[in-house]
Amino acid sequence: MLDKNGIARRIAKEIRDGYYVNLGIGIPTLVANYIPEGVNVVLQSENGLLGMGPFPFEGEEDPDMINAGKQTITTLPGSSIFDSAMSFGMIRSQKIDLTILGAMEVSENGDIANWKIPGKMVKGMGGAMDLVASAKNIIVAMQHVNKAGESKLLPKCTLPLTGVNCIRKVVTELAVLDILPEGGFRLIERAPGVSVDFIKQSTSGKLFAEADVKEMDLN
Amino acid sequence: MINKRVSDADEAIRDITDGQTIMLGGFGLCGIPEKCIAALVKKGVKDLTCISNNAGVDDFGIGLLLKTRQVKKMVSSYVGENAEFERQLLSGELEVELIPQGTLATRCMAAGYGMPAIFTPAGVGTEVAEGKEVRNFNGKDYLMEYAFDADFAIVKAWKGDTAGNLIFRSTSRNFNPVMAMAGKITIAEVEELVEPGELDPDMIHTPGVYVHRIFQGSDYEKRIEQRTVRPRS
């Protein structure tokens, strides 16, 4: 079973040289720490920055330079800054190659819910609805089951939706799964030490799994 | 050159009245019009509809207008960091319309470009789509979203000249240029106000035609919401 950093490490292997990538808040942010040496990527922050650099050194924080998580950050050689309309323009027109974001629930037809829990204070969707509606390549980083042990990979989402029929790949602490165009999760890889049976038990949506599924290579 | 200069924030916001709709630039606490927010608090104008990506924090930004109960409705994409906001929302004192961030930005842009509406896929199939016209283009569904209609837009820039030309700095640009284009009357507060000719025309982000009033603020607090640093190794 993977921890959050393990999920991030596995997702980082999906990143190809030359990609423009938007990372959501939470586990997706950690992915930046595992981008392989020699793979050149440009990170987009939807508040209006391409080429997000590392956190500043202490004492060098600039209140005018933040990322979409409102954290102080830096630029890199080749960075560019633009307004919010252009930022979502490049998202909508699919100039961003890969979007990685978290989810509360994903359904077997690729619906995602990640912005609202009825009865709880709603903070808002931020840019999530724009991203999932437009991105051509989305990877969801999420926990396979909730704290009560219930699957978050469902036949149908129970929470209010963020987007419909848009997710094609999910990476959890247990597995890598594709979502098939005709519906259903397909088990691609299992986390080290996790059995196919355990993944089956932990997935309430329709799951297609071979008897022998390869273990993730995290290196 | 037409001189857009006003003396200060109080003069800039002098004719904002109860019940009006105002846009406020900024993302989180980055690039917010601190001086005009303070002037609005002082003026005590109320029942405002505020279009702004976020709602500030309890004691800064739009949070200051919430604390004094001057806001009737917030139109935002994310409002997470504000306990007073939450209290007013749950008690029904405050109305909130949550809309996707890109839709928010593009509805501003549409107003500034003179387009009545835009089509976006954001929110298709979700509760955001309720009551909205859906159009299919090339096999994909889009929601029709209207351009904003705001009485005032209040933005913060780094530098400006008295002709109203604006230059923004770093990610404090965010919503400011698109909101500057979208107000019936646009007020810009800047850290440095110069005479026409001192800014390179090639470097202008917002042309002065969109700006009606401009003044230089002082002592900007520029509060940091999430201070993140790395160790020097």
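Residues numbered from 1 in each chain as written. Chains lettered and ligands numbered in written order. Predicted model: local features only at pLDDT ≥ 70, side-chain atom pairs only at ≥ 80, totals over all residues. Heavy atoms only, no water.

The name an unreviewed UniProt entry assigns to chain B is 3-oxoacid CoA-transferase subunit A, from the organism Pedobacter cryoconitis.

Identification of chain A as 3-oxoacid CoA-transferase subunit B from Pedobacter cryoconitis is taken from an unreviewed UniProt entry. Its UniProt record, at the heading Sequence similarities (unreviewed entry), says of chain A: "Belongs to the 3-oxoacid CoA-transferase subunit B family." (UniProt positions renumbered as here; feature names shortened; annotations may be inferred.)

1. Examining the overall build of chain A
Across its full length, chain A carries five helices and 13 strands. Taken over C-alpha atoms, the radius of gyration comes to 17 Å for chain A, in line with the 17 Å a tight globule of 219 residues would show. Over its C-alpha atoms, taken along the principal directions, chain A stretches across nearly 50 × 40 × 30 Å. Among the 219 residues that make up chain A, the fraction classed as buried is 58%. Considering only residue pairs separated by 6 or more positions, chain A has 62% of its internal contacts joining residues 24 or more positions apart. Of the roughly 9300 Å² of accessible surface on chain A, 50% is carried by carbon and sulfur atoms. Once the 22 positive and 26 negative side-chain charges of chain A are each reduced to a mean point, those two points are 6 Å apart. (Helix = DSSP H or I, 4+ residues; strand = E, 2+ residues; numbered from the N terminus. Rg over C-alpha atoms; globule rule 2.2 N^0.38 Å. Buried < 20%, exposed > 50% of the residue type's maximum accessible area, 1.4 Å probe, protein only. Contact = heavy atoms within 4.5 Å. Areas by Shrake-Rupley, 256 points an atom, 1.4 Å probe, with all protein chains shown as cover. Lys, Arg positive; Asp, Glu negative; His and termini not counted. Charge placed at Lys NZ, Arg CZ, Asp CG, Glu CD.)

2. Some remarks on the sheet that holds strand E10 (residues 169–171) of chain A
All names here are of chain A. Strands sit in the order E4-E3-E2-E1-E5-E8-E10-E11-E12-E13 across an open sheet of ten strands; the sheet is mixed. Strand pairing shows two members of the sheet lacking a second neighbour, strand E4 (75–81) and strand E13 (207–208), which therefore form its edges. Alignment of strand E1 (residues 20–23) against strand E2 (residues 42–45), held across three bridges, turns out to be parallel. Bridge pairing links Val21 to Leu43 in E2. (Pairing = 2+ DSSP bridges.)

3. What to know about empty space enclosed by the protein
A full pass over the atoms with the stated rule returns four cavities of 30 Å³ or more. If you add up the space inside the largest cavity, you get close to 60 Å³. Taken together, A:Pro63, A:Asp64, B:Leu29, B:Cys30, B:Gly31, B:Ile32, B:Glu34, B:Lys156, B:Tyr220, B:Lys222 and B:Arg223 make up the lining of the largest cavity. In terms of residue class, the lining of the largest cavity is made up of five nonpolar, one polar and five charged. (1 Å grid on protein atoms, 1.4 Å probe; cavity = no way out; pocket = protein on both sides within 12 Å on 5 of 7 lines; lining within 4 Å. Points joined across faces, edges and corners; volume = space filled by probe spheres on them. Nonpolar A, V, L, I, M, F, W, Y, C, P; charged D, E, K, R; others polar.)

4. Regarding the interface of chain B and chain A
Taken together, the 50 residues of chain B in the interface contact 47 residues of chain A. Note on chain B versus chain A: buried area summed over both sides is about 4200 Å², and carbon and sulfur give 59% of it. Together, B:Thr171, B:Thr228 and B:Arg230 form the three largest contributors to the area buried by chain B at its contact with chain A, with a combined 16%. Of the charged contacts, one joins A:Asp64 and B:Lys222 as a salt bridge, the two residues approaching to 2.7 Å between their closest N and O atoms. Counting across the chain B and chain A interface gives 29 residue pairs in polar contact (both at pLDDT 80 or more). Breaking the side of chain B that touches chain A down by element, the ones donating at least two residues are helix H4 (83–90), helix H5 (101–113) and helix H6 (176–180) of chain B. Element by element, the count of residues in the side of chain B that touches chain A is highest for H5(B), at six residues. Class assignment of the residues belonging to the side of chain B that touches chain A gives a composition of 21 nonpolar, 18 polar and eleven charged. (Buried area = accessible area lost by both parts, 1.4 Å probe. Salt bridge = Lys/Arg side-chain N within 4 Å of Asp/Glu carboxyl O. Polar contact = N/O pair within 3.5 Å; in protein donor to acceptor, adjacent residues only side chain to side chain.)

5. Here we look at the confidence of the model for chain B
On average, residues of chain B score 97 in pLDDT, and 100% of them reach the 70 mark or higher. In the model output, the complex is listed with pTM 0.96 alongside ipTM 0.96. (pLDDT = per-residue confidence, 0-100.)

6. A few points about the sheet that holds strand E6 (residues 134–137) of chain B
Residues and elements named next belong to chain B. Overall, antiparallel pairing links the three strands, which are arranged E5-E7-E6 in an open sheet. A strand with exactly one partner marks an edge of an open sheet, and here the two such strands are strand E5 (117–120) and E6. Taking the axes of each pair of neighbouring strands and ignoring which way they run, one obtains an average angle of 40° across the sheet. Here E5 pairs with strand E7 (residues 140–146) via four bridges, running antiparallel. Residue pairing across strands places Thr120 opposite Leu143, the latter belonging to E7. (Axes fitted to C-alpha atoms, helices over the stretch in contact; angles between N-to-C directions.)

7. Examining the state of the cysteines
All names here are of chain B. Throughout the structure, instances matching the rule amount to zero disulfides over all chains. No disulfide involves Cys30; its nearest neighbouring cysteine sulfur is the one of Cys108, lying 17 Å away. The thiol sulfur of Cys50 is not disulfide-bonded, and the nearest other cysteine sulfur, from Cys36, lies at 12 Å. (Disulfide = S-S within 2.5 Å.)

8. Details of H4(B)
Two or three places before B:Glu84, at the opening of H4(B), B:Asn82 has a side-chain oxygen 3.2 Å from that residue's backbone nitrogen. At the exit of H4(B) stands B:Gly92, carrying a positive phi of roughly 85°.

9. Quick notes on the side chain of A:Asp97
Residues and elements named next belong to chain A. Relative to the helices and strands, Asp97 is located in the loop between helix H3 (84–92) and strand E5 (98–102). Within polar-contact distance, the side chain of Asp97 engages the backbone nitrogen of Tyr20 at 2.8 Å. Residue contacts for Asp97: discarding those within four places in its chain leaves Gly18, Tyr19, Tyr20, Lys136 and Asn137.

10. Quick notes on the nonpolar core
Of all hydrophobic cores here, the largest spans 50 residues; its most connected members are A:Ile100, A:Val106, A:Ile112, A:Val140 and A:Ile167. In contact with A:Val140, not counting residues within four places along its chain, are A:Leu101, A:Gly102, A:Ala103, A:Val106, A:Ile112, A:Ile167, A:Lys169, A:Val170 and A:Val171. Judged by nonpolar contacts, the second largest core, of 37 residues, contains B:Leu48, B:Leu65, B:Leu66 and B:Ala122. (Core = buried A, V, L, I, M, F, W, Y, C linked by side-chain atoms within 4.5 Å.)

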